[in-house]
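Observations on chain architecture
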Amino acid sequence: MTTKHEQILAYIETLDVGSKISVRQIARELKVSEGTAYRAIKDAENKGTVSTIERVGTIRITKKEKENIEKLTYAEVVNIVDGQVLGGRDGLHKTLHKFVIGAMKLEAMMRYVDPGSLLIVGNRDNVHKIALEAGAAVLITGGFDAQDDVKKMADEYDLPIISTSYDSFTVATMINRAIYDRLIKKEIALVSDILTPLTKTSFLVTTENVGRWHELNESTMHSRYPVVDPNMKVQGIVTSKDILGEQHETIITKVMTKHPLTVNEQTSVASAAHTMIWEGIEMLPVLDEYQRLIGIISRQDVLKALQMIQQQPQIGETFDDLITSQIKDVSVGNESRYSCEVTPQMTSLLGTLSYGVVTTLVTEAGSRVLKKYKKGDLVVENITLYFIKPVQIDHTIEIVPRVLEVSRKFGKVDVEIYHEGSVVGKALMMAQLIDR
């Protein structure tokens, strides 16, 4: 039986894209309390099916697929530039595929403007009209207003015309940054990318017995299965160890492991990998927001995904990428040694090497030297840092990692940081190694 919360979410998804939504409207139409309606709308906003825009309200939007994450809707542009919508509100849900800065003559400008564009321009009224006629939305910089006939045209064409107090260069920088951040998010693999869906997942029900486990084992050759109740909510996990020596008639709930570790679709693959390695488990059930089973992921799926991620071309750079790109390999013979110049971005307010940057450098150097001993991935379990002397901006440091111990599943590295021949920092890094 579906709850009122689920009914509201299902109702919202039936609404046309661009429809306005309010707490009172939902409460009245579905005969629920305003508190219940509010919580469901907030949940829908988290899921990406509605968006709340200042001075506009809450509207139904298309849920963005991951492959289009680098694209923005006009509604998101309004939020990014702290804009005010002057007209064409019904088109805020539309996606723009490029933006054009109108800092040239009209004829030259219009060569780059086509349907789905966003033209960034100042108070040039004739340009506003021509851009709307060409199927492009308009972002007016400098805090200027638009003429009434332009606003009316925007409403007719369902193309937003937005005003912002920022100048054109600042606006372009802000939008670029938003797209760049999304490119980084795109590279983060999620459980939803690799899960085995429910239609291909074998599971047991709480009313079944050990004999059913044997039937599944014969047909699938797997030994681990989630156990669900009649509402598809996960109650436990059963493995070959659990049923060892048990009669076929024994109810599965008596032998299963209760309260199993689980993940959801938005969990990152890296986080799932850490959980599986630390806990020594081979399979994780994937649940929806109502704790219902929607699939599983295996340790093999996770490791394949991690290998695939490493082979992908990197588009957006994180802070870790920017820091590690500064590291140069200056190894001598069998001794691993790395050098790095302390750039302004790596320093604290006092102009000395930041603690967080030191951690990143130690992790990178330690990981590189461990991979010389054993191929594969690793999970850093613990880092102990000892700061002896601060390092100033523009100085060059050398990082010398030495492997103290390495086994099939574990590695320990001593890391020393030198400046001009003197030790300025020491660290001890311990990591768990992942077999490929």
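Rules used throughout
- Residues numbered from 1 in each chain as written.
- Predicted model: local features only at pLDDT ≥ 70, side-chain atom pairs only at ≥ 80, totals over all residues.
- Heavy atoms only, no water.
- Helix = DSSP H or I, 4+ residues; strand = E, 2+ residues; numbered from the N terminus.
- Buried < 20%, exposed > 50% of the residue type's maximum accessible area, 1.4 Å probe, protein only.
- Areas by Shrake-Rupley, 256 points an atom, 1.4 Å probe, with all protein chains shown as cover.
- Lys, Arg positive; Asp, Glu negative; His and termini not counted.
- Charge placed at Lys NZ, Arg CZ, Asp CG, Glu CD.
- Pairing = 2+ DSSP bridges.
- Axes fitted to C-alpha atoms, helices over the stretch in contact; angles between N-to-C directions.
- Parallel < 35°, antiparallel > 145°, perpendicular 65-115°, else oblique.
- Contact = heavy atoms within 4.5 Å.
- Nonpolar A, V, L, I, M, F, W, Y, C, P; charged D, E, K, R; others polar.
- Core = buried A, V, L, I, M, F, W, Y, C linked by side-chain atoms within 4.5 Å.
- pLDDT = per-residue confidence, 0-100.
- Phe/Tyr/Trp six-rings, centres within 6.5 Å; stacked < 30°, edge-to-face > 60°.
- Lys NZ or Arg CZ within 6 Å of the ring centre and 35° of its normal.
- Salt bridge = Lys/Arg side-chain N within 4 Å of Asp/Glu carboxyl O.

An unreviewed UniProt entry annotates the chain as Transcriptional regulator of Guptibacillus hwajinpoensis.

A short note on the overall build of the chain
Along the chain, the regular secondary structure elements total 15 helices and 24 strands. Expressed along its principal axes, the backbone C-alpha trace of the chain runs to roughly 80 × 70 × 35 Å. Residue burial in the chain is summarised as follows: out of 436 residues, 43% are buried. By element, 51% of the accessible surface of the chain is carried by carbon and sulfur atoms, the whole surface being about 23400 Å². Across the chain, the mean location of the 51 positive side-chain charges is 1 Å away from that of the 57 negative side-chain charges.

Notes on the sheet that holds strand S7 (residues 98-101)
Spatially, S5-S10-S9-S8-S7 is the arrangement adopted by the five strands of the open sheet, whose pairing is mixed. Here the strands that pair on one side only, and so sit at the sheet edges, are strand S5 (84-87) and S7. Ignoring which end each strand starts from, the neighbouring axes of this sheet average 25° apart. Sheet topology places strand S9 (residues 137-140) next to strand S10 (residues 161-163); three bridges connect them, and they run parallel. Considered in S10, the bridge of Leu139 is made with Ile162.

Remarks on the environment of Glu215
Its location among the elements puts Glu215 in helix H10 (residues 210-220). Judged by its relative accessible area of 48%, Glu215 falls in the partly exposed class. Separated by 21 residues in sequence, Glu215 and Ile194 have C-alpha atoms that sit 26 Å apart.

Section: unusual backbone geometry
Despite not being glycine, Lys31 has its phi angle at roughly 55°, a positive value. The topology assignment puts Lys31 in the loop between helix H2 (23-30) and helix H3 (34-47). Take Lys31: its relative accessible area is 70%, and that puts it in the exposed class. The backbone phi angle of Asp82 is positive, close to 50°, even though this residue is not glycine. Its place among the elements puts Asp82 in the loop between helix H4 (74-80) and S5. Among the residues examined, Asp82 registers a relative accessible area of 53% and is labelled exposed.

A look at the packing of helix H6 (residues 125-133) against helix H7 (residues 148-157)
Where H6 contacts H7, the two axes come as close as 10 Å, and the packing angle between them is 10°. On the basis of the axis angle, H6 is roughly parallel to H7. Here Asp125, His128, Lys129, Leu132 and Glu133 of H6 lie close against H7, whose contacting residues are Asp149, Val150, Met153, Ala154 and Tyr157. Classifying every residue of the contact of H6 with H7 gives five nonpolar, one polar and four charged.

So, the nonpolar core
Formed by 26 residues in total, the largest nonpolar core has its most connected members in Met346, Leu353, Leu361, Leu370, Ile397 and Ile399. Of all the secondary structure elements, the ones that give two or more residues to this core are strand S20 (338-341), helix H15 (355-373), strand S22 (396-406), strand S23 (410-419) and strand S24 (422-434). Within the second largest apolar cluster, 20 residues are counted, among which are Met109, Ala136, Ala146 and Ala154.

Focus on the confidence of the model for the chain
Chain-level statistics for the chain give a pLDDT mean of 86 and a share of 91% at 70 or above. Mean pLDDT per element in the chain: helix H13 (residues 299-311) is the minimum at 73, and strand S13 (residues 225-228) is the maximum at 95. Segment residues 65-70: pLDDT under 50, and 14 contacts once partners within four positions in sequence are set aside and those in other chains are kept.

Considering the sheet that holds strand S15 (residues 257-258)
Across the sheet, four strands lie side by side as S12-S13-S14-S15; this open sheet has mixed pairing. Each edge of the sheet is formed by a strand with only one pairing partner; in this case those strands are strand S12 (204-205) and S15. Taken together, the two bridges between strand S14 (residues 234-238) and S15 define a ladder with antiparallel strand orientation. Across the sheet, residue Gly236 finds its bridge partner in S15, namely Lys258. Packed on one face of the sheet, H10 meets S12, S13 and S14 and runs near 140° to S13.

Re the packing of aromatic side chains
Counting across every chain of the model gives two aromatic pairs. When the centroid spacing of 6.4 Å and the interplanar angle of 80° are considered together, the rings of Trp213 and Tyr225 count as edge-to-face. Of this pair, Trp213 sits in helix H10 while Tyr225 sits in strand S13, placing them twelve residues apart in sequence. Classification of Trp213 as buried rests on a relative accessible area of 4%. Among the residues examined, Tyr225 registers a relative accessible area of 1% and is labelled buried. Taken together, a centroid distance of 4.4 Å and an interplanar angle of 35° make the contact between Tyr355 and Phe387 tilted. Here the residue Tyr355 occupies a position in helix H15, and Phe387 occupies one in strand S21 (residues 377-387), the gap between them amounting to 32 residues. Exposure remark for Tyr355: the relative accessible area of 59% places this residue in the exposed category. In this structure Phe387 comes out as partly exposed when scored by relative accessible area, which is 43%. The ring centre of Tyr418 lies 5.9 Å from the NZ or CZ of Arg337, which sits over that ring.

A short note on the pattern of salt bridges
Per the stated rule, a full pass over the model turns up 16 salt bridges. Asp114 serves as the salt-bridge partner of Lys98, at 3.6 Å between the closest nitrogen and oxygen. In this pair, Lys98 is assigned in strand S7 and Asp114 in the loop between helix H5 (106-110) and strand S8 (117-121), connecting sequence segments 16 residues apart. A relative accessible area of 29% means that Asp114 is categorised as partly exposed. In this structure, the salt-bridge partner of Arg212 is Glu215, at a minimum N-O distance of 3.2 Å.

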